[in-house]
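Each chain, written out:
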2 protein chains.
Amino acid sequence: MNGKLEQLKALIGESRDLEMAALLLEWDQQTYMPPGGAAARAEQLATLKRLAHERYVAPEVGRLLAELKQNGIEADYDSDEASIVRFNTREHDRKRRVPADLVSEIARAASLAEAAWERARETSDFALFRPHLENMFALKRGWAECFQPADIYDPLLDEYEPGLKTAEARKIFAELKAGLVPLVKAIAPKAEAVDDACLHREYDEQKQWDLGVEAARLFGFDFGRGRQDRSAHPFTTNFSRDDVRLTTRVMRNLLTSSLMSTMHEAGHGMYEQGISPALARTYLDEGTSLGVHESQSRLWENLVGRSLGFWRFFFPRAQAAFPEQLADQNVESFHRAINKVRPSLIRVEADEVTYNLHIMLRFELEQEVLNGAVKVADLPEAWNARMKEYLGVAPADDAEGVLQDIHWADGYIGYFTTYTLGNLLSVQFFDRACKDIPSLPAQIAAGEFADLLNWLRQKIHRHGRKFTMGELVQRVTGGPLSAEPYLEYLRRKYQSIYGLDNVRSKPTS
Amino acid sequence: MNGKLEQLKALIGESRDLEMAALLLEWDQQTYMPPGGAAARAEQLATLKRLAHERYVAPEVGRLLAELKQNGIEADYDSDEASIVRFNTREHDRKRRVPADLVSEIARAASLAEAAWERARETSDFALFRPHLENMFALKRGWAECFQPADIYDPLLDEYEPGLKTAEARKIFAELKAGLVPLVKAIAPKAEAVDDACLHREYDEQKQWDLGVEAARLFGFDFGRGRQDRSAHPFTTNFSRDDVRLTTRVMRNLLTSSLMSTMHEAGHGMYEQGISPALARTYLDEGTSLGVHESQSRLWENLVGRSLGFWRFFFPRAQAAFPEQLADQNVESFHRAINKVRPSLIRVEADEVTYNLHIMLRFELEQEVLNGAVKVADLPEAWNARMKEYLGVAPADDAEGVLQDIHWADGYIGYFTTYTLGNLLSVQFFDRACKDIPSLPAQIAAGEFADLLNWLRQKIHRHGRKFTMGELVQRVTGGPLSAEPYLEYLRRKYQSIYGLDNVRSKPTS
């Protein structure tokens, strides 16, 4: 059996090497590639991805997986061996379902749609983007139909969050909505109680960079096995557990932009750095889902990085870096500033309270377009109406409405949902960590993060893709995915910051 | 026929994409990769290179090449089509000659030898390196024997300089030796006539960097299709003609280190940037040989960059960047400083006059080891004796003698020769350019380089690998490779700098 497992690992290891090489090409494209490099790079990426795919879905891989199953390798569910076969059987079957031509067609359509989206957003002219978006929704519908799903949205969700069903996600969003809308309404009249003007002063870029790196290093991101570079939009990627690349951007007039994004990306990065080396090149060597990945970034960014405890420790360091700019602040006023709630039009600028309403709107509209309830042509209007309903604000034009995100142009339909899952999971995991490590809040206020990181490594990171999100949350917290801990966290935190009375959820409709 | 050519191009284009991706992985390794990344990177590189090789030597490629030949595609020798088939037939045959196992064994041996070489050099202990070097010479002898050569050194040379025979190289080196040894001897007593102390003052790193970039940009390196980064050792690589990466290192106490290396690497880079786009992904899309490549870097570094004319234009810019450090210099004294001749132990620090003697020594010793005249164990002694003979200096230990270069550890036997070819060719090409563009010296002194670059593009760059070095030098200069123009250039330049009487070549022995 070992011989067959070694054969399997050698075969899929080669595909994985090609994928990792492609990720480096993409990282380079976002960080250092000169403008002229784009055309050849696109060809190189297409070749690498095509070869990786061809090798992964080869009949030989399927045969080895089947033989290993027959030989009972899956018996010890938690073992590396069983997990490698279980995960790759699922993934191999899934990837074989979609004709290669359809995959290429989606990639081609995405590159055209992306260009159209850029022009449309610049001129705030949805009509330029509409035919591309119609085409993309049709293609992704066709893609989803390859899996003959009960609910057309299931395979789209499953692509980013394996195992999660649409019905379950709907239930979660309903709970969230019932809790969030009243909270937003309770905060609205007190908006001016928090002043965040101090964040918008002039902050030297290099000092901002250094402060972010200092936080990431303190958290435990290993710069011997990773680095940070600049890019237009922050992201994290990696080419092995030992080579993890964060990126950020620095804005001279917004202290929190690079600082909080570095904490966020370091959270993603530490997840990858913590995966068991035994899983290298097996396709289990990455975070198990986008939702769980986002739970790690949000945990460090929000549960740690926006907590009063953390700033009791870190504010003196920020003040040392920016003595003039922060001279009129104390830790409490600064903590309030970085947690100001402001219903706004743009998702990526949203605070913890309003963020998930942006996601819910997308989650709903994606399904309504797929099931025909909303036409693509009517999306701008539907978007604006729902913004008004959930957040009480209305876009002046489509650039700050339906055209704000690139995801749909790229065919990432079903992806947004994982941002919300990440928020919910971050609190479920953090609550559990606080139970397991009673001194955790005190540790954080003392700038000690090793116990938290070790806990995350043991409970989550090292497993890579061995367990699905559903399995993992059950193993770690003893219960299923739930919105209630997140709502409870928000209420506790923001009732205190804004001096609110108790806010209850509306009964779910 | 077009159908078959397209098939061939698609097949080899995929291999080429894999090779280009591997080059990016190697570039990243030398510039930005964190230390932890090394192990996984080695595996990824091995996979990319193995797949590229397998696909390139596939029988299908051979079949298509043979059919295209049969159909007479090679009739129009200079055409892209004929050249693609001619070059790839030769390359395909050559790569199929060597068993894949031997290629892997050499790669493995090289990585062990490199590690041993590093330790040996640090401690100046040749004994640590000896067994690895013996093994490497034996492996490369075996590799060369796959080609059943008349002279065992021929295939080794051919690997880096296609078409050049050992006998021809020997003749060239004999001419060089006859000319260089008397010149070195004539300069020796006048060593103190040139003072280069001004180069060793404190120079701000960023300003050095900027000055080098300014020179590269003026020469015509296109930063929209390339960039420059830092690395431990300067090099140039590229992933298409439109994405060319230079690297350099900056030394605070040596103005010429980064400045001249940037000019040198920009010369390599402009060659790649000038290759015809029609040759993309055909394996003809790179410089035709290491010797011709080095001719381009040396032309810009030495023929332009160390000329008095260039500094008439550029010295005021250098002085503007470093007014204090260069206050006591004028263009003539500065020009003399950057051209000081100093017989020294280390190749990479050698001046134009002594450089090729370092190469000749290696060219001779490589052959003597291969034909058994010198044992690897006796290399240090042979090295030191020959240094004394050619340059009049003797290494104090093996670290500054036989252990100074990494090349042999990597299996690059035959490679050194191309450095000298580059020097000779740079003068042959530049002399021709001066005949074709009579105003060239005046243009250079006015900071105008466009005519020279266009001339190089037309005569050399655009052809990529269509013509061998031998063909190219004949086409461009009307004659064969020759040492005499280089010797004549050196005599003219250094007689003037050092105020020498006429120096003649010794009769060749």
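Check the entry above for the structure.
What you see is a predicted model; the values in this text were computed from it and never measured.

Colleague: How would you sum up the packing of helix H16 (residues 417-436) of chain A against helix H20 (residues 484-498) of chain A? Please name residues and give values.
Modeller: Residues and elements named next belong to chain A. Between H16 and H20, the shortest axis-to-axis distance is 8 Å and the interhelical angle comes to 80 degrees. With respect to their mutual orientation, H16 and H20 come out roughly perpendicular. Together, Asn423, Leu424, Val427, Gln428 and Asp431 of H16 and Pro485, Tyr486 and Tyr489 of H20 make up the contact between the two elements. Residues belonging to the contact of H16 with H20 are distributed by class as follows: 5 nonpolar, 2 polar and 1 charged.

Colleague: I'd love a proper account of empty space enclosed by the protein, names of residues and values included.
Modeller: Residue and element names in this part refer to chain B. Applying the stated criterion to the full structure yields 1 cavity of 30 Å³ or more. In this model, the largest cavity occupies a volume close to 50 Å³. Contributing to the lining of the largest cavity are Arg362, Trp383, Val402, Asp405, Trp408 and Phe416.

Colleague: Summarise the environment of Arg317(A); cite the residues concerned and give the values.
Modeller: All names here are of chain A. Inspection of the secondary structure assignment puts Arg317 in helix H12 (residues 308-321). Residue classification places Arg317 among the partly exposed residues on the basis of a relative accessible area of 32%. With residues near it in sequence (within four places) discarded, Arg317 still touches Leu211, Glu214 and Leu218. Of note is the side chain of Arg317, whose polar atom sits 2.6 Å from the side chain of Glu214.

Colleague: Any details on helix H20 (residues 484-498) of chain B? Residues and values, ideally.
Modeller: Residue and element names in this part refer to chain B. Here H20 is 15 residues long and its end C-alpha atoms lie 20 Å apart, about the 21 Å a rise of 1.5 Å per residue gives. Residues of H20 that are buried include every one of Tyr486, Leu487, Tyr489, Leu490, Arg491, Lys493, Tyr494, Gln495, Ile497 and Tyr498, and no others. One or two steps after H20, the chain reaches Gly499, where phi turns positive at roughly 60 degrees.

Colleague: So what about the pairing of strand E3 (residues 243-248) of chain A? Which residues, and what values?
Modeller: All names here are of chain A. Extensive coverage of E3 is indicated by the burial of 6 of its 6 residues. What you see with E3 is no split at all: Asp243, Arg245 and Thr247 on one side and Val244, Leu246 and Thr248 on the other are buried throughout. Pairing of strand E1 (residues 226-230) with E3, which is carried by 5 bridges, proceeds in the parallel orientation. Considered in E3, the bridge of Arg227 is made with Arg245. Here 4 bridges tie strand E2 (residues 236-240) to E3, and the two strands are oriented antiparallel to one another. Paired with Thr236 across the bridge in E3 is Leu246.

Rules and cut-offs
- Residues numbered from 1 in each chain as written.
- Chains lettered and ligands numbered in written order.
- Predicted model: local features only at pLDDT ≥ 70, side-chain atom pairs only at ≥ 80, totals over all residues.
- Heavy atoms only, no water.
- Axes fitted to C-alpha atoms, helices over the stretch in contact; angles between N-to-C directions.
- Helix = DSSP H or I, 4+ residues; strand = E, 2+ residues; numbered from the N terminus.
- Parallel < 35°, antiparallel > 145°, perpendicular 65-115°, else oblique.
- Contact = heavy atoms within 4.5 Å.
- Nonpolar A, V, L, I, M, F, W, Y, C, P; charged D, E, K, R; others polar.
- 1 Å grid on protein atoms, 1.4 Å probe; cavity = no way out; pocket = protein on both sides within 12 Å on 5 of 7 lines; lining within 4 Å.
- Points joined across faces, edges and corners; volume = space filled by probe spheres on them.
- Buried < 20%, exposed > 50% of the residue type's maximum accessible area, 1.4 Å probe, protein only.
- Polar contact = N/O pair within 3.5 Å; in protein donor to acceptor, adjacent residues only side chain to side chain.
- Expected span 1.5 Å × (residues − 1).
- Pairing = 2+ DSSP bridges.

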